[in-house]
Amino acid sequence: MKRFALLCCYWLLLVGVFSMSSFGLRLSQIEFDLSLPGGATEIGTFFVINDEEESTTVNISLADWDRSIDGENRFMDVGNVIRSASQWVTVAPTQFTLEPGESEEVRFTIAVPVGIQGTYWTSLIVEGTPREVEAEGGATIFVRKRFAVKILETPPGSGTPNGQINSLKVTGLNPLNAVVEFENTSLVNLTNVKGRVEIRNTSGEVLESIAIEDFPVLPGAVREVDVPSARDLGDVFEPGRYLILSILDFGGDNLLGGQFVLDIEPLDLAPIGTSPDMPKDLNSDGFYEDLNGDNGFDSNDIVFFDLNLLAPEIQNNTRAFDFNNDGVVDNNDVATLEEIFNEPIDEEA
Ligand SMILES: [Ca+2]
Ligand SMILES: [Ca+2]
Ligand SMILES: [Ca+2]
């Protein structure tokens, strides 16, 4: 089972980077967005090209897929997605061998049933021969190249796009990180949800407008998007009251809006635990890595942080010690501080 998990992992990693020449196997097309009427049958084609120096045997099979709340593709056996089009698709050939430089045309047929509404979808998984690869530490592992060709079908007149903002919040403050949760409440695939988050002061003046990169959302799916401020570390918003707004365009008739009031409290720093000295931000990035206040940052600060994690001097000053910038101070910040401590110095800087 472990081997299977490992292969799945590579599968996910390789989807989307198929065009990198170092991977050798290429596809001429990775997505078909169809709008065939109910009852129609259509043939689609794409090419599989072997750019490797060895021959490879290619297998093609159907798989269901969706996306995680973070937008990662998830591929699974047929029968796991409610709006699956897998039963409508046949493909040929399903296995062939490609010599170096050769390509093969793959044809799939989709037969759309009568009377369906909204987007249905499936994918064709293209797998090459597993190859031995030397992993870190000298171990040999098998890497199977797997790529997906997505097929989405939306009959004309399937209904209008619709969606809602489920939540809007701010997690970290250095840099400020807004998190928007959007839900596709319609039956149709939304290919291009976009928008922005605005940070305004109490007079309504826009202090920063942060663009949200376009993202797709399948029918019924929920997507959470991180929207980080472009400000530098340490260039934090001053303590005070702010209005956080989110505006989303999902391709429908109206825009969606959400907002909330963010209060940033001033820091109220004090010596932590048994230390007589104030914690210090030695490099002015807004994070106080010198927790014991001895004017140096070393492993003692990490131990001291871990020991005093729940101390009010730390918990009442979240943003000074929220090293991973997720809005809470916990063990993950101790781990992040340790990573910062162990970071190699960038010699090019
Ligand atoms: Ca610092
Ligand atoms: Ca120190
Ligand atoms: Ca944290």
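Going along each chain's sequence as written, the residues are numbered from 1 onward. Whichever chain is written first becomes A and whichever ligand is written first becomes 1, with later ones labelled in order. With pLDDT at 70 or above as the cut-off, local features in this predicted model cover only qualifying residues; side-chain atom pairs require 80 or more to be listed or tallied, and sums for whole chains, interfaces and linings still use all residues. Excluded from the side-chain calculations are hydrogens and water; all other atoms, namely the structure's heavy atoms, are used.

Things to note about the sheet that holds strand 8 (residues 103-111)
Backbone hydrogen bonds hold the strands of a sheet together, and the pairing may be parallel or antiparallel. What the four strands build is an open sheet, ordered 1-3-8-6; its pairing is antiparallel. What marks the edges here is a single partner per strand, and that holds for strand 1 (25-27) and strand 6 (89-92). Going from strand to strand, the sheet's axes swing by 25 degrees on average, the running direction of each strand aside. Two strands make a pair as long as DSSP finds a minimum of two bridges between them. Where helices and strands are cited, they refer to DSSP runs of H or I of at least four residues and of E of at least two residues respectively, numbered from the N terminus. The pairing of strand 6 with strand 8 spans four bridges and is antiparallel. Note that in strand 8 the partner of A92 across the bridge is R107. To obtain each axis, a line is fitted to C-alpha atoms, and for helices this fit is confined to the stretch in contact; angles are then taken between N-to-C directions over 0 to 180 degrees.

Points about the coordination of the calcium ion (ligand 2)
The coordination sphere of the calcium ion (ligand 2) contains the protein donors D290 (OD), N292 (OD1), D294 (OD), G296 (O), D301 (OD) and D301 (OD), at a distance range of 2.2 to 2.5 Å. The coordination sphere of the calcium ion (ligand 2) comprises six donor atoms, whose angles at the metal cover 54 to 160 degrees; the geometry is irregular. The donor set comprises N, O and S atoms within 2.8 Å of the metal, extended to 3.2 Å for Na, K and Ca; water molecules are omitted, so apparent gaps in a site may simply reflect that omission. Spacing between the donor residues of the calcium ion (ligand 2) along the chain follows D-x1-N-x1-D-x1-G-x4-D. Using a relative accessible area of 0% as the deciding quantity, one classes D290 as buried. For four-coordinate sites, all angles between 85 and 135 degrees define a tetrahedron; for four- and six-coordinate sites, opposite donors beyond 155 degrees with the remaining angles between 65 and 115 define square planar and octahedral shapes respectively, and all other cases count as irregular. Residue burial is assigned from relative accessible area. The probe radius is 1.4 Å, only protein chains are included, and a residue is buried under 20% of its type maximum, exposed over 50%, and partly exposed in between.

Here's the deal with unusual backbone geometry
Of the consecutive residues A92 and P93, the connecting peptide bond is found in the cis state with omega at -10 degrees. Structurally, P93 can be placed in the loop between strand 6 and strand 7 (95-98). With omega at -5 degrees, the peptide bond leading from N174 into P175 counts as cis. Checked against the element boundaries, P175 lands in the loop between strand 13 (163-173) and strand 14 (176-184). Here N295, not a glycine, exhibits a phi torsion of approximately 70 degrees, which is positive. The exposed category is assigned to N295, whose relative accessible area is 55%. The phi dihedral of N325 is positive, around 60 degrees, even though this residue is not glycine.

Considering the nonpolar core
Only buried Ala, Val, Leu, Ile, Met, Phe, Trp, Tyr and Cys residues count toward a nonpolar core, and they belong to the same one when joined by side-chain atoms within 4.5 Å. Ranked by size, the top nonpolar core spans 27 residues in total, and within it F46, V48, F108 and I110 carry the most contacts. If we ignore the near neighbours within four places in the chain, the residues touching I110 are L34, L36, A40, T41, E42, W88, V89, I151 and E153. V170, F182, I212 and F215 belong to the second-largest nonpolar core, a separate cluster that totals 26 residues. Whether two residues are in contact is decided by their heavy atoms: any pair within 4.5 Å suffices.

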